Amino acid sequence: MDGAAGPGEGQAGGLEPPGSDILGALNQRLRVQEEEMELVKAALAEVLRRLRLQEGTPRSLLGAPASPVSVQASREAASFSDSGPPAPPGLPPPPRPSLVSRGTQTEMEPESKLSSGPLALSNGPPAPPAGGEEELGGVQSEGGGGNSSGAGSPGPPGALRPFQLPQRGDTPRRNSSSFSSPSERPRQKLSKKAASSANLLLRSGSSESRGGKDPVSSPGGPGSRRSNYNLEGISVKMFLRGRPITMYIPSGVRSPEELPSGPPPENLSLDWVYGYRGRDSRSNLFVLRSGEVVYFIACVVVLYRPGGGPGGPGGGGQRHYLGHTDCVRCLAVHPDGVRVASGQTAGVDKDGKPLQPVVHIWDSEKLHKLQEIGLGVFERGVGALAFSVSDQGNFLCVVDDSNEHMLSVWDWNRGAKLVEIKSTNDSVLAVGFNPRDSSCIVTSGKSHVHFWNWSTGGGALGSGGLTRKQGVFGKYKKPKFVPCFVFLPDGDILTGDSEGTILTWGRSLPDSRTPGRGGAKETFGIVAQTRAHEGSIFALCLLRDGTVLSGGGRDRRLVQWGPGLTALQEAEIPEQFGAVRAIAEGLGSELLVGTTKNALLRGDLTQGFSPVIQGHTDELWGLCTHPSLNRFLTCGHDRQLCLWDGECHALAWSLDLKETGLCADFHPSGKVVAVGLNTGRWLVLDTETRDIVSDFTDGNEQLSVVRYSPDGMYLAIGSHDNTIYIYSVSSDGAKCSRFGRCAGHSSFITHLDWSKDGSFIMSNSGDYEILYWDVAGGCKLLRNRYESRDREWATYTCVLGFHVYGVWPDGSDGTDINSLCRSHNERVVAVADDFCKVHLFLYPCARAKAPSRKYGGHGSHVTSVRFTHDDSHLISLGGKDASIFQWRMLGGGGPGPAPPTPSRTPSLSPASSLDA
């Protein structure tokens, strides 16, 4: 059912459809009012009984008005003790009625008789003290419903507290001129209590209209919209988009200020990055002098060391350059094979301020930045880079992504720009220096090939040192795109275009009829054309033996060309990996191929190619980790379901879902996994055979969370139709049957967790609700949320709750945190935010603006984080950048699982910072 629950649906838990006739609604409302009248009568009877038992002195209660700060803690006034208002020294405290929870109502049950025997134990929330009732009531709740609680108890609220009933004749009196005389006191109490009761009745009749929202957000009377008792000392409150969210303090916590503060002792180190950005980028694959393969994804430049076998045990390792603040778009390697230039795109920080594009030049051996150029010069991003060759790589050519695609030449050692000119309004896809002559630069892109001449002696900074000759296609068909080119040893240039042809450009004398400004410099003209591929040619690579390798798009072919462009041999890339995006020559006869489906392949033309790096190709959301192995599963908008082996850093298997996968969870046995799709459909698959063993549909809206109970007996499905569907699960996890549904949220479900006993659920929704459900008792909504404050949760992924409210940044709009996960040893909590960062907080994190350890690397919003089964690693997903990061947990010590064994593939550049 869409929308909020109807009248009475919170009680029935969605097992029966809500009544639709007006008469039923009126009857329900009448029953609620009758129950409230009974409560008022019981309260008045208790007041009269206690007045007859003792003559107390009225005490005024201290209440702290709500503060408009973003996150506030409602604390009890220091003058109150655990048993309510303080009693005179040496005398026992005044009696307090116990509270008995009946269904979703909490009623007062008067003591049947007085006793001076052993201490009685109260396990319910505190009731108002005898002497203070005239000052209670009228405090309006800000938590989306009425709040009522006892005014006392600054200690652990709701804990088992002993109290004594005083003897009839030993009732103390206070001698103070500020209180009423004993004769006037009973009449004042009764008159004010009557007024408060009338208020209660006027405000309590509309509890059905709020549907699933909690009408009793504290231990007070049922259905109340006002806070009849002060919440000081038992709750904290935070605001998201101006909406107050009340969270109850567990009984074992006297004050949030007493909880540990500061960043956690644990730390994260980037262990492995899954994926490669081949879908929409070029100039992204090179081999260094050390034999390491350098490529990029998100904000990380990866240096991959191939091992003995692709993806197998004893395979390669990774190092990471993490100096960039936004997505890397292109690379260039210095002629020495050690220094690397990488250009990033423009972006915005978490405050909305623009981050300017820039180029980093860094040492690949030490991962140390040597120079940073172009800050404040480039616009939108850096599209293409190239080092000069003939002069030992002293110059760097950069083309940015502005409308004019500004071309500039830099003395990168000094960080000085030598010359700059507008190149073209069309896209520029490639740039390069002639290896025999650094004064010659070539650019290619949309419908053009340009030949540039420049001189370092051109005088002052400007465009006077650069002249351009436009390549003329003449009798040859002008292609729509020229994505790549390569310089031959004899000085000719080969270009690959979108028509699938390779054009040979040879040197010729300048022709005055040729458009452009060339001076007396020689230029290039087409001397030969070769039909090479079906569809576009995306890559050309000059091999050490002088042959040329071309990579096709549509036909996915790799072709080796000899002298005169005669085909020598070829190989076809499997369709599952996509088209060829980039080619690099490795050690010996080994070739590295990057593909448009974000895979990195290794092999040769004779024996074929196999993947060493694989990744998703579109936005990621679904993530779950195996309950007993170092494996995890991901899914996203590319409709691929992938199981990854965290030990081997390889893809174990993948499956085409045909629909977008948004969430997943392993059964506790690890034998099956549930996957939620964007159509309301969800599947259960066997993790070994990949067969679908169950297929269900609940509603027609996307599913945001699926979660098995700790014992595997239930499966909860959170939907965007505001409902949590509960299924009973067979012992092997293969069969499911509908058990019930939890209907009561007024917005879509975002997160949910099971209690450790597998009987209760805590859930969050899109409008920042925190609701609790008794699943074993019939999927009932627990309207008295206070009673769930001490419940222990098997997992903690809900982003709203007392134990994690400190992770929210000041001024948050409620969408800043996408995912959250508590470690299995319950020491730390990892957070994925909307600003490309992963955070690590102490757990519990119940202090406003808690400090954290912050880690960069993702180039898009981080959509999910999960710890592996032994807390040795943390997995994080990038959204639009389609990246998967595997972080290694370091440090900590103390009780809990042993520290993880260091990985064989260390990351030599930490990405952490302290975010206080």
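Residues numbered from 1 in each chain as written. Predicted model: local features only at pLDDT ≥ 70, side-chain atom pairs only at ≥ 80, totals over all residues. Heavy atoms only, no water.

Asks: Please clarify how the pattern of salt bridges should be interpreted in this entry.
Replies: In the structure shown here, the tally under the stated rule is 30 salt bridges. Here Arg241 makes a salt bridge to Asp813, at a shortest N to O gap of 3.9 Å. Residue Arg241 is located in the loop between β8 (235-240) and β9 (243-248), and its partner Asp813 is located in the loop between β56 (780-781) and β57 (817-822); the two are separated by 572 residues in the primary sequence. Asp813 sits in the partly exposed class, given a relative accessible area of 28%. Of the charged contacts in the structure, one is a salt bridge between Glu585 and Arg544, with a shortest N-O distance of 3.5 Å. Separated by 41 residues along the polypeptide, Glu585 in strand β37 (residues 580-585) and Arg544 in the loop between β33 (537-542) and β34 (548-552) bring together distant segments of the chain. On the basis of relative accessibility, which here comes to 19%, the residue Glu585 falls in the buried class. Using a relative accessible area of 57% as the deciding quantity, one classes Arg544 as exposed. (Salt bridge = Lys/Arg side-chain N within 4 Å of Asp/Glu carboxyl O. Helix = DSSP H or I, 4+ residues; strand = E, 2+ residues; numbered from the N terminus. Buried < 20%, exposed > 50% of the residue type's maximum accessible area, 1.4 Å probe, protein only.)

Asks: Got a minute to help me understand the pairing of strand β10 (residues 267-274) in this structure?
Replies: Within a regular strand, side chains alternate between the sheet's two faces. Among the eight residues of β10, seven are classified as buried, and the element is accordingly described as predominantly covered. Where β10 meets strand β63 (residues 884-890), seven bridges bridge the pair, whose relative direction is antiparallel. Counterpart to Leu268 in the pairing with β63 is Met889. (Pairing = 2+ DSSP bridges.)

Asks: Is there a simple way to explain the state of the cysteines in this structure?
Replies: Applying the stated rule across the entire model yields zero disulfides. Counting only cysteine sulfurs, Cys299 is the nearest neighbor of Cys836, a cysteine outside any disulfide, at a range of 6.1 Å. Given a relative accessible area of 21%, Cys836 falls into the partly exposed group. (Disulfide = S-S within 2.5 Å.)

Asks: Just to check I follow, could you spell out the environment of Leu367 for this structure?
Replies: Structurally, Leu367 is set in the loop between β19 (359-363) and β20 (368-373). Taking the relative accessible area as the measure of exposure, Leu367 reaches 10% and is therefore buried. For the pair Leu367 and Val340, spaced 27 residues apart in sequence, the C-alpha to C-alpha distance is 9.8 Å.

Asks: Would you mind going over the sheet that holds strand β46 (residues 672-677) with me for this structure?
Replies: The strands making up a sheet associate through hydrogen bonds between their backbones, and the pairing can be parallel or antiparallel. If you trace the four strands from one edge of the open sheet to the other, you get β45-β46-β47-β48, paired in antiparallel fashion. Bordering the open sheet on either side are β45 (661-666) and β48 (692-697), each of which pairs with just one other strand. Each neighbouring strand pair of the sheet contributes to a mean axis angle of 20 degrees, computed without reference to strand direction. Relative to β48, strand β47 (residues 681-686) runs antiparallel, the two being bridged by five bridges. Across the sheet, the residue bridging to Arg681 is Thr697, located in β48. (Axes fitted to C-alpha atoms, helices over the stretch in contact; angles between N-to-C directions.)

Asks: When you look at the sheet that holds strand β35 (residues 557-561) in this model, what are you seeing that I'm missing?
Replies: Taken together, four strands build an open sheet; the order of strands is β33-β34-β35-β36 and the sheet is antiparallel. A strand with exactly one partner marks an edge of an open sheet, and here the two such strands are β33 and β36 (567-572). Geometrically, the sheet is characterised by an average inter-axis angle of 20 degrees between neighbouring strands, direction not taken into account. Looking at chain direction, β35 and β36 are connected through five bridges and run antiparallel. If you follow Leu558 over to β36, its bridge partner there is Ala571.

Asks: Can you walk me through the environment of Ser765 in this structure?
Replies: Positionally, Ser765 belongs in strand β54 (residues 760-765). Residue classification places Ser765 among the buried positions, given a relative accessible area of 4%. The spatial distance from the C-alpha of Ser765 to the C-alpha of Gly718 is 9.5 Å, given a sequence separation of 47 residues. A polar contact is formed between the side chain of Ser765 and the side chain of Asp767, at a distance of 2.6 Å. (Polar contact = N/O pair within 3.5 Å; in protein donor to acceptor, adjacent residues only side chain to side chain.)

Asks: Can you help me understand the packing of aromatic side chains in this one?
Replies: Two numbers describe a pair of aromatic rings. These are the distance of the centres and the angle of the planes. Under the criterion given, the structure shown has 24 aromatic pairs. Judged by centre distance (4.8 Å) and plane angle (15 degrees), the ring pair of Trp682 and Phe696 falls under stacked. Taken together, the positions of Trp682 in strand β47 and Phe696 in strand β48 put the pair 14 residues apart, joining distant regions of the chain. Given the relative accessible area of 0%, Trp682 is considered buried. Within the aromatic cluster, the residues linked to one another by ring pairs are Phe451, Phe473, Trp505 and Phe524. The ring of Phe538 carries Arg581 above its face, with NZ or CZ at 4.8 Å from the centroid. The aromatic ring of Phe760 is capped on one face by Arg791, whose charged end is 3.7 Å from the ring centroid. (Phe/Tyr/Trp six-rings, centres within 6.5 Å; stacked < 30°, edge-to-face > 60°. Lys NZ or Arg CZ within 6 Å of the ring centre and 35° of its normal.)

Asks: Quick question: what am I supposed to make of the side chain of Ser860 here?
Replies: Among the secondary structure elements, Ser860 is positioned in the loop between β60 (852-855) and β61 (862-867). A relative accessible area of 8% means that Ser860 is categorised as buried. For Ser860, the side chain forms a polar contact with the side chain of His861, separated by 2.9 Å. Excluding residues within four positions of it along the chain, Ser860 makes contact with Cys836, Gly879, Lys880 and Asp881. (Contact = heavy atoms within 4.5 Å.)

Asks: How should I be thinking about unusual backbone geometry in this particular structure?
Replies: Where the residue is not glycine, phi is negative for most of them; where a peptide bond is considered, it is trans in most cases. Residue Pro844 is reached from Tyr843 by a cis peptide bond, and omega for that bond is 0 degrees. Within the secondary structure, Pro844 sits in the loop between β59 (838-842) and β60. The residue Arg556 is not glycine, and still its phi comes out positive at about 55 degrees. With respect to the helices and strands, Arg556 occurs in the loop between β34 and β35. The phi dihedral of Ala882 is positive, around 55 degrees, even though this residue is not glycine. Among the secondary structure elements, Ala882 is positioned in the loop between β62 (873-878) and β63.

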